[in-house]
Amino acid sequence: MLRFFLPAVQVAAACVWVIAFSGAAAGENTSYPITIRHALGTTTITKKPERVATVAWANHEVPLALGIVPVGFAAANFGDDDGDGILPWVAEKLAELDADKPVLFDEGDGIDFEAVAATNPDVILASYSGLSQSDYDTLSQIAPVVAYPEAPWSTDWREMIRLNSAGLGMAAEGEALIATIEAEIARTVAEYPQLQGKSAMFITHLDATDLSIVNFYTTNDTRVKFFADLGLKSPRSVIAASAPGKFSGSISAERIDAFDDVDLVVTYGNQKLLDALAANPLMARMQAVEKGALVMLGRNPLGTAANPTPLSISWVLRDYLALLAEAARTSK
């Protein structure tokens, strides 16, 4: 029998970027100008930003975690159960800061440059994003932009905090935030020793009606990088299939045996997908599928938070670990 693990409830290669400061780099002691070199150019911030805008996924969580309410940020377009454009952990932080809802940018068709400009920002944070050079150039006409360090959508949560906090003139506070999150992760992961040493693969959205192609996140993706924080490792097969600078990859199901070293599979889906995997003669050969060592995430906040961000980690950590641990027990 195929076993799987769904949430029981919907619970509420070295960096190339360089940050240069003209003096000290700690909160009120930060000296300007600050120069941040990233994949799309060089950004100079000449004074402490007061109006902060962010674009793309989750960048707004850095200023919020540091007590700053952005004047505008991207509306959530995944996992937003109530459709208000704000994910639950962000809503909790806004309430904690006694803040009104900021302007939400609709990025369904790309960045809304006019809406961003209308918020009159002093800085635009986008260290975790897929900005094109054209996007960056256009945004830079509005305000200094902090872009990603190496490749689109490959900035992990630590780098997101470091770059965005530097753009706020709060590099030291950013490091303190990282240390706090790391300590919480370490305490919680220690409760799940069965995860240590297990290999995990994160498969992207599969079509239950066509399993001929397997799409997966590479070791460059933040979801996969987060496995290491949770005591898991990437199998040699995923490492070998991860192309430099690419956050996702694809392989024919006819080559599924290449992933015979995968202990756990995390993916997005439901019972229909599980039934299809079990019935598919190729996918059923995969060790994790055969043993039922799968974690199924939906289009809900838990599934969204598996992509770790500064505020979502605390919100999802224990629930996500519990699902992974149950799958790990099955994988024995």
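Predicted model only: the values in this text are computed from it and were never measured.

Let's talk about the pattern of salt bridges
Piece 1. Here the structure, examined in full by the defined rule, presents ten salt bridges.
Piece 2. With a shortest N-O distance of 3.9 Å, D260 and R236 are connected by a salt bridge. A residue pair is termed long-range when its members are at least 10 positions apart, and D260 in the loop between β11 (248-252) and β12 (264-268) and R236 in helix α8 (residues 236-240) qualify at 24 residues.
Piece 3. Residue R285 pairs with D257 through a salt bridge whose shortest N-O separation is 3.2 Å. Taken together, the residues span a long stretch of sequence, with R285 in the loop between α9 (271-279) and α10 (287-291) and D257 in the loop between β11 and β12 at a distance of 28 residues.
Piece 4. You can call R285 partly exposed: its relative accessible area is 42%.
Piece 5. Residue class for D257 comes out partly exposed when judged on its relative accessible area of 41%.
Piece 6. A single network of salt bridges, built from pairs that share partners, joins R158, E182 and D229.

Brief notes about the environment of I181
Piece 1. Mapped onto the fold, I181 is located in helix α6 (residues 171-189).
Piece 2. In this structure I181 comes out as buried when scored by relative accessible area, which is 5%.
Piece 3. With 69 residues separating them in the primary sequence, I181 and S250 have C-alpha atoms 32 Å apart.
Piece 4. For I181, the contacting residues outside a window of four places in its chain are W157, I161, P310 and I313.

Description of the nonpolar core
Piece 1. Counting residues in hydrophobic clusters, the biggest one holds 88 residues, and the most contacted among them are L195, F202, F259, M286, L297 and Y320.
Piece 2. For this core, the leading source of residues is helix α12 (residues 312-330), giving eleven residues.
Piece 3. Ignoring sequence-local partners within four residues, the contact set of L297 consists of F202, V266, T267, Y268, G269, L302, G303, A306 and L323.

Regarding the layout of surface pockets
Picture a little ball the size of a water molecule; that probe, rolled over the atoms, points out where space is still empty.
Piece 1. Roughly 650 Å³ of internal volume is contained in the largest pocket.
Piece 2. Lining the largest pocket are 32 residues; nearest its centre among them are W57, N77, Y128, W153 and R223.
Piece 3. Listing elements by their share of the lining of the largest pocket, those giving two or more residues are β5 (72-74) and α11 (301-305).
Piece 4. A per-class count over the lining of the largest pocket returns 17 nonpolar, ten polar and five charged.

Concerning the packing of aromatic side chains
Piece 1. All chains considered together, the criterion is met by eight aromatic pairs.
Piece 2. Ring pairing ties together the aromatic residues F78, F202, Y217, F227 and Y268, which thus form one cluster.
Piece 3. Sitting over the ring of Y217, R223 keeps its end group 4.1 Å from the ring centre.

Description of the side chain of E107
Piece 1. Tracing the chain through its elements places E107 in the loop between β6 (103-105) and α3 (113-118).
Piece 2. Among all residues touching E107, those that are not within four sequence positions of it are V55, A56 and A74.

Let's talk about unusual backbone geometry
Piece 1. Residues Y32 and P33 are joined by a peptide bond in cis, for which omega reads 10 degrees.
Piece 2. Checked against the element boundaries, P33 lands in the loop between β1 (18-21) and β2 (34-38).
Piece 3. The backbone of D98 shows a phi angle near 55 degrees, a positive value even though the residue is not glycine.
Piece 4. Taking the relative accessible area as the measure of exposure, D98 reaches 71% and is therefore exposed.
Piece 5. Residue N120 is not a glycine yet carries a positive backbone phi of 55 degrees.
Piece 6. By the secondary structure assignment, N120 is in the loop between α3 and β7 (123-125).

Calculation rules
- Residues numbered from 1 in each chain as written.
- Predicted model: local features only at pLDDT ≥ 70, side-chain atom pairs only at ≥ 80, totals over all residues.
- Heavy atoms only, no water.
- Salt bridge = Lys/Arg side-chain N within 4 Å of Asp/Glu carboxyl O.
- Helix = DSSP H or I, 4+ residues; strand = E, 2+ residues; numbered from the N terminus.
- Buried < 20%, exposed > 50% of the residue type's maximum accessible area, 1.4 Å probe, protein only.
- Contact = heavy atoms within 4.5 Å.
- Core = buried A, V, L, I, M, F, W, Y, C linked by side-chain atoms within 4.5 Å.
- 1 Å grid on protein atoms, 1.4 Å probe; cavity = no way out; pocket = protein on both sides within 12 Å on 5 of 7 lines; lining within 4 Å.
- Points joined across faces, edges and corners; volume = space filled by probe spheres on them.
- Nonpolar A, V, L, I, M, F, W, Y, C, P; charged D, E, K, R; others polar.
- Phe/Tyr/Trp six-rings, centres within 6.5 Å; stacked < 30°, edge-to-face > 60°.
- Lys NZ or Arg CZ within 6 Å of the ring centre and 35° of its normal.

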